[in-house]
Amino acid sequence: MFKKSLAVLSFILAPLMLLAADVIEPPKEFSFANYDWITIMIVVLVLLIVLVIARAFDIGALTEKLSGKKVVSWNNVNAWMAIIFIVAGLIGVFYELQVHGPLLMLGNSASLHGETYDSMFYITFGFTFFVFVVMEILLFYFMFRYRYNENRKALYYFHNNKLEIIWTIVPSIVLTFLVLRGFTTWSKITTEIPKESQEIEVFAYQFGWKARYAGNDGSLGNQNFNFISGSNPLGVAEEGQVTELVTELKNEIVKLEALQASAPDSINAWKGAYDRFVATGLDRTFPEDFKTLKNKHNDGISGAYVRTLIKDIGRKRTALNRIAEYRKDVDFFDGTANDDKVTTEIVLVKNKPYIFKFRARDVIHSAYMPDFRVQMNCVPGMPTQFAFTPTMTTADARQIKNKPEYDYYLFCNKICGAAHYNMKIKVTVVDSDAEYNTWLASQAPLVAPVVVEQVPAKTDSKNDTTAAVKTVAMN
Ligand SMILES: [Cu+2]
């Protein structure tokens, strides 16, 4: 009997949860002040009713046991509960769709292909929703209609080929339609790329994004992960940066080799210190220092210390060799990269086609721009891309959504590590080329351009008869 009471309890608690979900609006923090007294009274009342019903069932069960007569017809109770459940459930479904549906939907798409994409979503949703409603109604109605009846004998129905064929073919046709439509839409989105699309490199790393725009030459320079350094996070093929990295690597190798040469002395020193700590009881006085020392000492005698040094030196030499290989290729460092601009924001112009070239530095990330219906994995060592045309400026979106602070963002949609949740870059869509150009001009290029500045000739100078030429490096 207790199990049945529990079933009743959970059945009544389900709509209660719906009610609670509606009362607590997402951004608000829980506080009794957010509830009016009527809501609280309703909740208390429902809880009381649940208790009373549970109690009544228990009494009924007890009476049955004592008298040996049937008091409650459980078949009928369950059958009617099925009906109440499906009616309440479907009301809940439609209510939720009405009230919270808009929260789940992505809102107006802000890209050209977004509309096709959305229509696909709505068609799929329409089909599945229709089937869902019909199936649920039939399921619960049959449960009610064919509940156990002493006067009726169950029909033993073994197999029906016709039925099998129908329920295999109908879903197959629907699914084929949906899958084919998805396939053609995806091929269209990913292959029909306008020739004049502007290329922007989008670079993912733990935990952030950087974008690279072409400079005045209109094309992005080469890049390679071997060139990545502290000051060149995207590994762009720019002479100065790469030369700096080579010097850095060479210096590090010299340092590591020195450590390797003095390794026997270091290991001896650690052993001496370790023994002293143990002998004098300092290991108990300074347990933390002793722990560090013990690790060094263990690595020293086990050979791990020297092995790590050798490995590090080997790695740095490999990096140097790879860089040297790339440097042999003059075309690779053709200077195209020098005027490239690495930015911490993405700015686009409305109604212009773009092609985003994705790269990742460390692990797999996923570039996700819900407003533009764009999502693409960013895989280390495997460049990917996505072409799209924004059709709504940031200002438009703010107006439509009635949120003056609203901004487009490119998020990471692959759980890539601890700070994944915060991995995003702002995307701004502006109305005109002029706005875009102003922004781009404010971004510093990788290499500061050298400008020649004319200084008026001084009349009192002996040597200067013409204008003195002064070279000034900008930035
Ligand atoms: Cu990520």
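Small disclaimer: the values here were computed from a predicted structure and weren't measured.

For the chain, the count of helices and strands is 13 helices and 12 strands. Considering the chain as a whole, with its 475 residues, one finds that 15% of them fall into the buried category. Nonlocal contacts in the chain, meaning residues at least 24 apart in sequence, comprise 67% of its contacts between residues at least 6 apart.

One open sheet holds the five strands; their spatial order is S3-S2-S1-S5-S8, and the pairing between them is mixed. Lying at the two open borders of the sheet, with one neighbouring strand each, are strand S3 (341–343) and strand S8 (384–388). Going across the sheet, the axis of each strand differs from the next one's by a mean of 25 degrees, ignoring polarity. Direction of pairing for strand S5 (residues 354–360) relative to S8: antiparallel, over a ladder of five bridges. Paired with Phe356 across the strands is Phe386, a residue of S8.

On to unusual backbone geometry. Geometrically, the link from Gln206 to Phe207 is a cis peptide bond, its omega value of 5 degrees lying close to zero. Along the chain, Phe207 falls in the loop between strand S1 (198–205) and strand S2 (208–213). Phi at Asn402 takes a positive value of approximately 60 degrees, unusual for a residue other than glycine. Topologically, Asn402 is positioned in the loop between helix H12 (394–401) and strand S9 (408–412).

This part covers the nonpolar core. Of all hydrophobic cores here, the largest spans 41 residues; its most connected members are Ala204, Trp209, Ala367 and Val427. If we ignore the near neighbours within four places in the chain, the residues touching Ala367 are Val202, Ala204, Phe356, Phe358, Gln375, Met376, Cys378 and Leu410.

Among the secondary structure elements, Gly300 is positioned in helix H10 (residues 287–302). For Gly300, a count of 20 C-beta atoms within 10 Å corresponds to the buried category. Once the C-alpha coordinates of Gly300 and Ser266 are considered, the two residues, 34 residues apart in sequence, prove to be 8.1 Å apart. When near neighbours in sequence (up to four residues on either side) are disregarded, Gly300 contacts Ser266, Ile267, Trp270, Lys271 and Tyr305.

A few words on the packing of helix H7 (residues 239–261) against helix H11 (residues 304–328). Contact geometry of H7 with H11 gives a least axis separation of 10 Å together with a crossing angle of 155 degrees. The angle between the axes of H7 and H11 places the two elements in the roughly antiparallel class. Viewed along their axes, H7 and H11 form a crossing whose handedness is left-handed. Contact residues: Val242, Val246, Leu249, Glu252, Ile253, Leu256, Glu257, Leu259 and Gln260 in H7; Val306, Leu309, Ile310, Asp312, Ile313, Lys316, Arg317, Ala319, Leu320 and Ile323 in H11. Among the residues forming the contact of H7 with H11, the class breakdown is 13 nonpolar, one polar and five charged.

What follows deals with the sheet that holds strand S10 (residues 424–430). On the basis of which strands lie adjacent, the open sheet formed by five strands has the order S4-S10-S9-S6-S7 and mixed pairing. A strand with exactly one partner marks an edge of an open sheet, and here the two such strands are strand S4 (346–349) and strand S7 (374–378). Looking at each pair of strands side by side, their axes are set apart by 20 degrees on average, direction ignored. Bridge count between S4 and S10: four bridges; the pairing is parallel. Following the sheet pairing, Val347 is matched in S10 by Thr428. The sheet contacts of helix H13 (residues 433–441) involve S4 and S10, and relative to S4 the element is tilted by about 155 degrees.

Relative to S5, S1 is paired through seven bridges, and the arrangement is parallel. The residue bridging Val202 from the neighbouring strand is Phe358, located in S5. As defined by bridge partners, S1 adjoins S2 across five bridges and the pair is classed as antiparallel. The residue bridging Val202 from the neighbouring strand is Ala211, located in S2. In sequence, S1 turns back onto S2 through a hairpin of two residues.

Quick notes on the rules
Residues numbered from 1 in each chain as written. Predicted model: local features only at pLDDT ≥ 70, side-chain atom pairs only at ≥ 80, totals over all residues. Helix = DSSP H or I, 4+ residues; strand = E, 2+ residues; numbered from the N terminus. Buried ≥ 20, exposed ≤ 12 C-beta atoms within 10 Å, placed from the backbone. Contact = placed C-beta atoms within 7 Å. Pairing = 2+ DSSP bridges. Axes fitted to C-alpha atoms, helices over the stretch in contact; angles between N-to-C directions. Core = buried A, V, L, I, M, F, W, Y, C linked by C-beta atoms within 7 Å. Parallel < 35°, antiparallel > 145°, perpendicular 65-115°, else oblique. Left-handed = near helix turned anticlockwise from the far one by under 90°. Nonpolar A, V, L, I, M, F, W, Y, C, P; charged D, E, K, R; others polar.

Purely geometric stuff here, so don't read any function into it on its own.
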